[in-house]
Amino acid sequence: MPTFNLKINNKSFAVEADSDMPLLWVLRDKINLVGTKFGCGIGQCGACTVHVDGNATRSCLLQVSQAEGMNITTIEGLSEHGDHPVQQAWKVVDVPQCGYCQAGQIMTASAFLKTNASPSDSEIRDAMHGNICRCAAYNSIQEAVKLASK
Ligand code: FES
């Protein structure tokens, strides 16, 4: 089995894996970064979103062989103490219900706000629409993203 050198949350990892193993599986099963969630496994729900070179990326669709040499950030590495502005806004608005989708939501929102620091409501909706929340907490999510942008 080949070894892949990955840079995750500013640390280096040498991981043995089949080259087509999705990054999501590597994160959860080989590195024990279980904050990134499995939802659908086919790029449809957003639960597995991480940052790859700063861009929100579905880790279920990225093979480990494609991730070598890239800067990968998971929810565990977004901030040192859970105090990224999006995480703070999440707490203020009290977004989580079941909480399952929130890591993916927060990773999508934080990447989006780097590209648009002062988004309109419709821009937030557009940016977040691919992240499914089975509790339908969409209004709270939108409010938190707006708050984080202020
Ligand atoms: Fe990757 Fe659903 S688990 S998009």
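Computed from a predicted model, the values in this text were never measured in an experiment.

Peer 1: Would you explain the packing of helix α5 (residues 121-128) against helix α6 (residues 138-148) in this entry?
Peer 2: Angle between the axes and distance between the axes are the two parameters that describe a pair of packed helices. Direction vectors running N to C along α5 and α6 enclose 115°, while the axes themselves pass 10 Å from each other. In this structure, the crossing between α5 and α6 has a hand that is right-handed. In this structure, α5 contributes D121, I124, R125 and M128 to the contact, and α6 contributes I141, Q142, V145 and K146. Split by residue class, the contact of α5 with α6 holds four nonpolar, one polar and three charged.

Peer 1: Sorry, what's going on with the sheet that holds strand β4 (residues 55-58) here?
Peer 2: Where strands meet in a sheet, backbone hydrogen bonds hold them as pairs that are either parallel or antiparallel. Taken in spatial order, the five strands make up an open sheet running β2-β1-β5-β3-β4, and their pairing is mixed. The strands lining the two open edges of the sheet, one partner per strand, are β2 (11-16) and β4. Sheet twist, expressed as the mean angle between neighbouring strand axes with direction ignored, is 40°. Pairing between strand β1 (residues 3-8) and strand β5 (residues 71-73): two bridges, direction parallel. Paired with I8 across the bridge in β5 is I72. Of the strands in this sheet, β3 (49-52) and β4 touch helix α4 (residues 102-115), which is tilted by about 35° from β3.

The rules behind each value
Residues numbered from 1 in each chain as written. Predicted model: local features only at pLDDT ≥ 70, side-chain atom pairs only at ≥ 80, totals over all residues. Axes fitted to C-alpha atoms, helices over the stretch in contact; angles between N-to-C directions. Helix = DSSP H or I, 4+ residues; strand = E, 2+ residues; numbered from the N terminus. Left-handed = near helix turned anticlockwise from the far one by under 90°. Contact = placed C-beta atoms within 7 Å. Nonpolar A, V, L, I, M, F, W, Y, C, P; charged D, E, K, R; others polar. Pairing = 2+ DSSP bridges.

By themselves, these figures tell us nothing about what the structure is for.
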